[in-house]
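The primary structure of each chain is shown beneath.
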Amino acid sequence: MDVKVSSVAERPDRLRAVFEMADTWPEFVTNDPVGTAHYGRIAAELPQHALFAEDEHGEILAHAFSVPFALDAEGRGALPARGWDQVLLWAFADLRRGIRPDTVSAIAVTIAPRAQGHGLSAVMLSAMRDNARAHGFREVVAPVRPSAKHLEPHTPMTEYACRVRPDGLPEDPWLRVHARVGGTIDSVAPASMTVGAALEEWRRWTGLPFDTTGDVEVPGALVPVRCEAERGYGVYVEPNVWMRHAL
């Protein structure tokens, strides 16, 4: 698929179209409170790290957002157990305080439904790496959401992430895309994203009853959602896999 990749910094006129692009994220994922507060800020405050791909007709087919942050700042050093949520918090805290970043973290690669299955995820991941290198960074890290893990919600991520094919590449398709462009697994982020909400919201997001205390398998979820029926809330704590890309 022939596309042109640009940044929002280069093409601010396309910002609205980028956010209006259809996607296939499960609704509960888009209600992570950290993401709700910070994801939209990337294109506004870090537009050089908000990439998008458009076809020859100008239709937006994909976007890839990342954030620079100071991994080697005091009290950090290791990739955080709270993964996606924590790196967003670090990135915007560093931006506010004027702390010089040393690393770029991928935040999301999103492909429009009609463009899926054409290798665009690899194109956007490579573009993100190239963009980080062009801005002087030497490493990209990524709290990866394995694309087939939702089919095995009860398998521990520590076990799932280690599976490899006979050729030595990861069994999971999205982990494999990262590995093919040079990414290596660092660790599991056991609490990368946390979504807690009233049961009424979980019912609306999923169409499931959420009326019995216990673990609930939700389509698209990497692990079960914990339902506390008597208390009226459900909590989803998503594990991701940290991958590192030396540039």
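Everything here concerns the structure above.
Throughout what follows, the structure given in this document is the object of discussion.

On to the overall build of the protein, then. The helix and strand tally for the protein stands at seven helices and nine strands. A compact globule built from 247 residues would reach a C-alpha radius of gyration of about 18 Å, and the protein, at 18 Å, matches this within 12%. Within the protein, the proportion of its 247 residues that are buried is 51%. Residue pairs in contact within the protein that sit at least 24 positions apart in sequence constitute 72% of those at least 6 positions apart. If you sum the accessible surface of the protein, you get close to 11,400 Å²; carbon and sulfur atoms cover 51% of it. Taking the average location of the 25 positive side-chain charges in the protein and that of its 33 negative ones, the two points are 4 Å from each other.

Right, let's get into the packing of aromatic side chains. Per the counting criterion, the structure on display carries seven aromatic pairs. Here the aromatic rings of Phe19 and Phe65 are separated by 5.9 Å at their centres, their planes lie at 80°, and the arrangement is edge-to-face. With Phe19 in helix α1 (residues 15-20) and Phe65 in strand β3 (residues 60-69), this residue pair connects regions lying 46 residues apart in the sequence. Overall, the relative accessible area of 0% leaves Phe65 in the buried class.

For helix α6 (residues 173-180), a buried count of six out of eight residues is recorded, marking the element as mostly surrounded by other parts of the structure. Taken as a whole, α6 has its buried residues at Trp174, Leu175, Arg176, Val177, His178 and Ala179. Contacts made by the buried residues of α6 are with β4 (103-111), α4 (120-134), β5 (139-144) and β9 (233-246). N-cap assignment for α6: the residue whose side-chain oxygen lies 3.0 Å from the backbone N of Trp174 is Asp172.

We note that Phe210 has phi near 45°; this positive angle belongs to a residue other than glycine. Relative to the helices and strands, Phe210 resides in the loop between α7 (199-206) and β7 (214-216).

Moving on, we come to the environment of Val141. Mapped onto the elements of the fold, Val141 is located in strand β5. By relative accessible area, Val141 is classed as buried at 0%. For Val141, the contacting residues outside a window of four places in its chain are Phe69, Leu79, Thr103, Val104, Ser105, Ala106, Trp242, Met243 and Arg244.

Let us look at helix α3 (residues 83-97). Compared with an ideal rise of 1.5 Å per residue, which puts 15 residues at 21 Å, α3 spans 21 Å between its outermost C-alpha atoms and is within 8% of the ideal. Along α3, 11 of the 15 residues are buried, which leaves the element largely enclosed by surrounding structure. Within the span of α3, buried status applies to Gly83, Trp84, Asp85, Gln86, Val87, Leu88, Trp90, Ala91, Phe92, Ala93 and Asp94. On the buried face of α3, the contacting elements are α2 (33-45), β3, β4, β5, β6 (184-198) and β9. Phi for Gly98, located one or two positions after α3, is positive at around 75°.

Thresholds, definitions, all that
- Residues numbered from 1 in each chain as written.
- Predicted model: local features only at pLDDT ≥ 70, side-chain atom pairs only at ≥ 80, totals over all residues.
- Heavy atoms only, no water.
- Helix = DSSP H or I, 4+ residues; strand = E, 2+ residues; numbered from the N terminus.
- Rg over C-alpha atoms; globule rule 2.2 N^0.38 Å.
- Buried < 20%, exposed > 50% of the residue type's maximum accessible area, 1.4 Å probe, protein only.
- Contact = heavy atoms within 4.5 Å.
- Areas by Shrake-Rupley, 256 points an atom, 1.4 Å probe, with all protein chains shown as cover.
- Lys, Arg positive; Asp, Glu negative; His and termini not counted.
- Charge placed at Lys NZ, Arg CZ, Asp CG, Glu CD.
- Phe/Tyr/Trp six-rings, centres within 6.5 Å; stacked < 30°, edge-to-face > 60°.
- Polar contact = N/O pair within 3.5 Å; in protein donor to acceptor, adjacent residues only side chain to side chain.
- Expected span 1.5 Å × (residues − 1).

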